[in-house]
Amino acid sequence: IITFNKQSTTYFPSGFDAKVSVYFDVVDKEGDVGFEKGNVYFVDSRYPSDTQVYATPEVPLSNGNTFKGLFETQLEGGFLLARKDSPIHYLTDTLIWTISIKDKAGNRSNFINSKELILYN
C-alpha cells in the first residue's frame, strides 16, 4: 500500500536542470519492496500511455515482516517540459502523476495521485 505524502514544489521551471521530489509512504506486508530495480511507476496525466520507471532504494529483506517507510523519488527537470502545442500551454502547463510500485514478488500496489505540478517557461 502506498500513500501520497508530499512533493517538494508546486511550481517548477520547465526543462531546467533541477529536480522535483515526490514522497510517499509505503507499507509492504512481506517486506520485499525495495530492490534497486525499476519498480516505481510514474504516469504523467498529459501522456497516459508513457510510463516513467524509477528504482526504490535498497531495503534489506525483513524476513516476511511488514515494512513501513517513506520513499522519495527525484524526477529530473530536463524531462519535465511544458507543452507548446497550444496557446493555452505556451507559458504554463500542469500535470499530475499517477504512481504505483511493485515488490520483488511482482505484486503491484494501489495507485495514488501526486499534487499538481505547474511547469512554467
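Every chain begins its residue count from 1, and numbering advances along the sequence as written. Two thresholds apply to this predicted model, a pLDDT of at least 70 for residue-level local features and 80 or more for giving and counting side-chain atom pairs, whereas whole-chain, interface and lining totals are computed over all residues. The side-chain values count all of the structure's non-hydrogen atoms but skip hydrogen atoms and water molecules.

### Structural notes on the overall build of the protein chain
Cut-off, in case you're wondering: We count a stretch as a helix when DSSP gives it H or I for four or more residues in a row; a strand needs E for two or more, and each element gets its number in order from the N terminus. Residues count as neighbours in contact if any of their non-hydrogen atoms are within 4.5 Å of one another. The Shrake-Rupley method, run with a 1.4 Å probe sphere, supplies the accessible areas, and residue values consider only the shown protein chains as cover.
Along the backbone of the protein chain there are 0 helices and 10 strands. Seen through its principal axes, the protein chain has C-alpha atoms that stretch 55 × 25 × 20 Å. Once local pairs closer than 6 in sequence are excluded, the contacts in the protein chain between residues at least 24 apart make up 62%. Carbon together with sulfur atoms contributes 53% to the accessible area of the protein chain, which is approximately 6,900 Å² in total.

### Things to note about the sheet that holds strand β6 (residues 67-76)
Put simply, the rule is: The rule for pairing is simple: two strands pair if DSSP sees at least two bridges between them. Here an angle of 0 to 180 degrees is reported between the N-to-C directions of two axes, which are lines fitted to C-alpha atoms, with helices fitted over the stretch in contact.
If you walk across this open sheet you meet the 3 strands as β1-β3-β6, and the pairing is antiparallel. At either margin of the open sheet sits one strand with a lone partner, and together these are β1 (2-7) and β6. Going across the sheet, the axis of each strand differs from the next one's by a mean of 25°, ignoring polarity. For strand β3 (residues 19-28) and β6, the ladder comprises 10 bridges, and the chain directions are antiparallel. What sits directly across from valine 22, in β6, is threonine 73.

### Observations concerning the pairing of strand β5 (residues 51-55)
Where we set the bar: Only protein chains enter the accessibility calculation, which uses a 1.4 Å probe; a residue whose area is less than 20% of its type maximum is buried, one above 50% is exposed, and one in between is partly exposed.
A one-sided burial pattern is seen for β5, the buried positions being Gln52 and Tyr54 and the unburied ones Thr51, Val53 and Ala55. As judged from the 5 bridges shared by strand β4 (residues 38-44) and β5, these two strands associate in the antiparallel manner. Bridge pairing in β5 links phenylalanine 42 to glutamine 52. Between β4 and β5, which pair antiparallel one after the other, the connecting turn spans 6 residues.

### As for the sheet that holds β4
Taken together, the 4 strands give an open sheet; going across it, the order is β5-β4-β8-β9, and neighbouring strands pair in antiparallel fashion. Each edge of the open sheet carries a strand with a single partner, namely β5 and β9 (112-113).

### Examining the environment of alanine 82
Here alanine 82 shows up in the loop between β6 and β7 (92-95). The class for alanine 82 is buried, based on a relative accessible area of 10%. In sequence terms alanine 82 and threonine 92 are 10 residues apart; their C-alpha atoms lie 6.3 Å from each other.

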